[in-house]
Amino acid sequence: VSVGIRNFWYVKYFGLAFGRIIVFFFLVLVIVGLISIMIKVSHRKTMYYLFKVNSYAFMVVISLSALVNWHVVIADYNFSHSDSSFIEYSFMAKLDNSALPLLVKTRAELDVIDQQQQQAMKFDTHMDYFISSKKYEILIKMKAREFVEEYENLSFLEWNYADEWAYRKLKQSGYLNNIDFDSDWFDLIR
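What counts, and at which threshold
Sequence positions are assigned chain by chain, starting from 1 and proceeding in written order. A pLDDT threshold of at least 70 governs which residues receive local features in this predicted model, and a stricter bar of 80 or more applies before side-chain atom pairs are shown or counted, although totals over entire chains, interfaces and linings include all residues. To obtain the side-chain values, all non-hydrogen atoms of the structure were included, while hydrogens and water were left out. Secondary structure is summarised from DSSP: a helix means a run of H or I of at least four residues, a strand means a run of E of at least two, and numbering begins at the N terminus for each. Throughout, exposure labels follow a simple rule: accessible area from a 1.4 Å probe, protein chains only, divided by the maximum for the residue type, with under 20% read as buried, over 50% as exposed, and the rest as partly exposed. Two aromatic rings, drawn from Phe, Tyr or Trp (for Trp, its six-membered ring), form a pair once their centres lie within 6.5 Å of each other, and the interplanar angle then sorts them: stacked below 30 degrees, edge-to-face above 60, tilted otherwise. Only when the NZ atom of a Lys or the CZ atom of an Arg is both within 6 Å of the ring centre and within 35 degrees of the ring normal do we say a charge sits over the ring. Here, a salt bridge means any Lys or Arg side-chain nitrogen found within 4 Å of an Asp or Glu carboxyl oxygen. Note on definitions: angles span 0 to 180 degrees between N-to-C directions of axes, and those axes are lines fitted to C-alpha atoms, for helices only across the stretch in contact. Left-handed describes a crossing whose near helix is turned anticlockwise from the far helix by less than a right angle; the clockwise case is right-handed. We call two residues contacting when some pair of their heavy atoms lies within 4.5 Å. For this classification, under 35 degrees means roughly parallel, over 145 means roughly antiparallel, 65 to 115 means roughly perpendicular, and everything else is oblique. We call Asp, Glu, Lys and Arg charged. Ala, Val, Leu, Ile, Met, Phe, Trp, Tyr, Cys and Pro are nonpolar, and the rest, Gly among them, are polar.

Caption draft 1: Up close: unusual backbone geometry. Here the phi dihedral of Arg44 falls at roughly 50 degrees; this positive angle occurs in a residue that is not glycine. Tracing the chain through its elements places Arg44 in the loop between α2 (18–42) and α3 (47–66). Overall, Arg44 belongs to the exposed group, its relative accessible area being 77%.

Okay, structure coming up:
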């Protein structure tokens, strides 16, 4: 319970991340394990029962977790909660290409997010390991440009739905037509 509560607060104030999602799945497996142990003891079941139930639970959790594109979920959740939770731009920029349509933000949107972050976060976010929204914007522009160039040269054997969805969304938004770099972009990347 304590780990679940702490993980909930981490998500609330620092957004979703892969490790936090894994903790929630782990807690589900722990609950199933505890219940199966209680049933084993109270109904005098065998170790085989315990192994079988927990193996099935593990397989169900792994299978259900594989049905979701967590990169898209993380990008959507974190940006939609930017008024109350910290956005770590360097983490967001490393998300998969399938999340690019949600990672793309205009300068105006990033300015609003920066204002929200300054009001919501009471700690210094100007450390060396945090990147600025300007650097994030440039990294995403470069990532989008590379993604589109690579995607347009793929063979049908390399096709997957997540990349197709991202490509279509980027094309429909018109974002790719507006990719330009300021003269100081190289300094920001270094």
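Caption draft 2: Structural context of the packing of aromatic side chains. With the rule as written, the count across this model stands at nine aromatic pairs. With a centroid separation of 6.0 Å and an interplanar angle of 70 degrees, the aromatic rings of Phe18 and Phe91 are classed as edge-to-face. Taken as a pair, Phe18 in helix α2 and Phe91 in helix α5 (residues 89–93) lie far apart in primary sequence, 73 residues in all. Taken together, Phe8, Trp9 and Tyr13 form an aromatic cluster joined through their ring pairs. For the cation-ring pair, Lys12 lies above Tyr13, with the distance from its terminal atom to the ring centre recorded as 5.8 Å. Here Lys105 stacks its cationic end above the ring of Phe79, 4.7 Å away from the centre of that ring.

Caption draft 3: Up close: the pattern of salt bridges. Under the criterion given, the structure shown has five salt bridges. Asp111 is the salt-bridge partner of Arg107, the closest N and O atoms lying 2.8 Å from each other. Of this pair, Arg107 and Asp111 both sit in helix α7 (residues 107–120), separated by four residues, roughly a single helical turn. The partner of Lys141 in a salt bridge is Glu137, with the nearest N and O atoms 3.8 Å apart. Of this pair, Lys141 and Glu137 both sit in helix α8 (residues 133–152), separated by four residues, roughly a single helical turn. By sharing partners, the salt bridges in this structure join Arg107, Asp111, Glu137 and Lys141 into a single network.

Caption draft 4: Examining the packing of α7 against α8 more closely. Axis separation between α7 and α8 bottoms out at 10 Å; the angle between their running directions is 145 degrees. For the pair α7 and α8, the crossing hand works out as right-handed. On the side of α7, the interface is formed by Arg107, Leu110 and Asp114, while α8 contributes Ser133, Lys134, Tyr136 and Glu137.

Caption draft 5: Layout of the packing of α2 against α3. Running from N to C, α2 and α3 point in directions that differ by 160 degrees, and their axes come no closer than 10 Å. Accordingly, the angle class assigned to the pair α2 and α3 is roughly antiparallel. Every pair of crossing elements has a handedness; the one defined by α2 and α3 is right-handed. When α2 is examined against α3, the residues Phe25, Val28, Leu29, Val32, Gly33, Ser36, Ile37, Ile39 and Lys40 are found in contact with a partner set consisting of Met47, Tyr49, Leu50, Val53, Asn54, Ala57, Phe58, Val61 and Ser65. Taken together, the residues of the contact of α2 with α3 sort by class into 13 nonpolar, four polar and one charged.

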